[in-house]
Amino acid sequence: MSDVQKEVKSHDSNHMASLLDEMDTSNKNLQNIGVELLTVHTEGTVHAKRISGKFRNVKWVVMALWSIFFLSPYLRWDGNQAILFDLAGRQFHIFWITILPQDIWMLAMILLFFALLLAATTAVAGRLWCGYACFHTVWTDAFTWIEEKFEGQPNKRIALDNESVSFKKIKTKFPKWVAWTAIGFLTGFSFVAYFDPAFDLWYRLFKFEWTFTETSIILGLGAATVFFAGFLREQVCIGFCPYARIQGAMIDTETVVPTYDVDRGEPRGRMKRAKPGEEAPLLGDCIDCNLCVAVCPTGVDIRKGQQFGCITCGLCIDACDSVMEKIKKPVGLIRYASLAEFAGKPFVPLFKRPRVIVYTGIMTFAAAMLIWGLLTMSPIDMKVLHERAPLFVQMSDGTIQNKYYAKVVNKTDKPLNAKITVTGPASLMYIVDKELRVIPGEVGTAEILVRIPTKDLKEVNTPIEIHVQDMDKPAIKADYDSMFIGPKLR
């Protein structure tokens, strides 16, 4: 360390000491910055301290967005539940879109898009999903917030956990357990409500008419929610989550994650006033308050470098910035930064990072396919199968007859009265065996006989078109190109 650096460090230490001297007592000062009598709990359940800040605000916003999970089953569209995955009827209803098994590839594109979005965000900024949007993170945050309301700050909760079982302890914890159970039940119920109509599910609840499957899923998922979010908490992220295990393959030296600035922070130590005649200790900006550890939901000490348990939620940044503001130091001692930045390497734009380019390219393909599918999706679909044995029949009047089977899929939520017509050569004649009425989500089949005089057949294969149209809504229609097969021409 140069003489200039030593002088700056000494000046900074004296400045911090003068700040302490302005406070009534050392303990009072520590209380003002939120670190007095703070117990860092590293064994058993982590009881994280809550602190305000910009990253905490982001977590509140994301938590609010997750309320959509509970509210969506009650949205209505055209008299029906707006989002309903009808497995029994093999139909997925999403507002005005009905996806049938024939269009299941669109759901695959949605899954592919979000899977690659998860990988791309991890490559750019670490475990953003884990830190902000993961359902386990959000539910655990809500559960611990409720716990704090009933049982108090971390130290009080730790002391309560360590107490032996008593009526007082049960009385204190019982309201929390009731609230947790209610959230767990609503979680299981809301999940099932995406597959069974929500209002009907509530109605059958009070009549005790749930099926065994419905009851098992709701109670099982509710119990799992309470167990994982209420009791296991950070252990799920550390010991059970498979994504936590593979994150290392998605992060490189250019990934920005919460990082402690060692050069600026070390050597760390509590601020002390120098006695007369003594030289002030040369310390870094970190005052070793441990607040960054206390707010971490997984109990990680970010000052020891990147660790497996870090979910990159940024709460340690909020904590450290609040302390730096109190002691009149620049914020950013802990900040989102890459290893390349600390190594002094130039910033690499996202469009020059191969991993990000590959992820983005696949996401773009999935999004384009999904948009194309939505734009070209028809309310009805038709496939036509040609009779193979025999390929054609020569009638007594000299005409050649082909038999076809038209399979019409009704993708709407209303019954379809289908009208089938055939076009081709001017002399073409056709017979449809029946009027086709197709209920929503089902497939209707009609037999079609098509005849063309032999003299009008110029080729072995003659193009024809088969059309289907909704008689009630003529704008809903579909076409199918097929071939009329005749005898070989001499």
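The protein goes by 4Fe-4S ferredoxin in an unreviewed UniProt entry, where it is assigned to Hydrogenovibrio marinus.

**Examining the overall build of the protein**
Scanning the protein from terminus to terminus reveals 18 helices and 16 strands. Residues classed as buried in the protein amount to 42% of the 490 residues present. Accessible surface, the protein as shown: approximately 26800 Å² in total, 64% of it carbon and sulfur.

**Some remarks on the sheet that holds strand 4 (residues 91-94)**
Reading across the sheet, the three strands line up as 3-4-5 and stay open at both edges, with antiparallel pairing between neighbours. Two strands lie at the open edges of the sheet, namely strand 3 (83-86) and strand 5 (97-99), each paired on one side alone. The sheet shows a mean angle of 10 degrees between the axes of neighbouring strands, taken without regard to direction. Where strand 4 lies against strand 5, three bridges are found, and the strand directions are antiparallel. Residue pairing for strand 5: F92 is matched across the bridge by I99.

**Remarks on the packing of aromatic side chains**
Enumeration according to the criterion identifies 27 aromatic pairs in this entry. Ring centres of F55 and Y336 lie 5.5 Å apart, and the angle between their planes is 50 degrees; on these two criteria the pair is classed as tilted. Here the residue F55 occupies a position in helix 3 (residues 54-65), and Y336 occupies one in strand 7 (residues 334-337), the gap between them amounting to 281 residues. Aromatic pair F95 and W96: ring centres 6.5 Å apart, planes at 50 degrees, arrangement tilted.

**Remarks on the pattern of salt bridges**
Taken as a whole, this structure holds 22 salt bridges when the rule is applied. Notably, a salt bridge pairs D456 with K455, separated by 3.4 Å at the nearest N-O pair. Residue classification places D456 among the partly exposed positions, given a relative accessible area of 25%. Taken together, the salt bridges that share partners define one network made up of E147, E148, E151, R157, D161, K173, K176 and R233.

**Re the side chain of E148**
Its location among the elements puts E148 in helix 7 (residues 135-151). Its relative accessible area of 14% is what places E148 among the buried residues. Setting aside residues up to four positions removed in sequence, E148 forms contacts with R50, Q153 and R157.

What counts and what doesn't
- Residues numbered from 1 in each chain as written.
- Predicted model: local features only at pLDDT ≥ 70, side-chain atom pairs only at ≥ 80, totals over all residues.
- Heavy atoms only, no water.
- Helix = DSSP H or I, 4+ residues; strand = E, 2+ residues; numbered from the N terminus.
- Buried < 20%, exposed > 50% of the residue type's maximum accessible area, 1.4 Å probe, protein only.
- Areas by Shrake-Rupley, 256 points an atom, 1.4 Å probe, with all protein chains shown as cover.
- Pairing = 2+ DSSP bridges.
- Axes fitted to C-alpha atoms, helices over the stretch in contact; angles between N-to-C directions.
- Phe/Tyr/Trp six-rings, centres within 6.5 Å; stacked < 30°, edge-to-face > 60°.
- Salt bridge = Lys/Arg side-chain N within 4 Å of Asp/Glu carboxyl O.
- Contact = heavy atoms within 4.5 Å.

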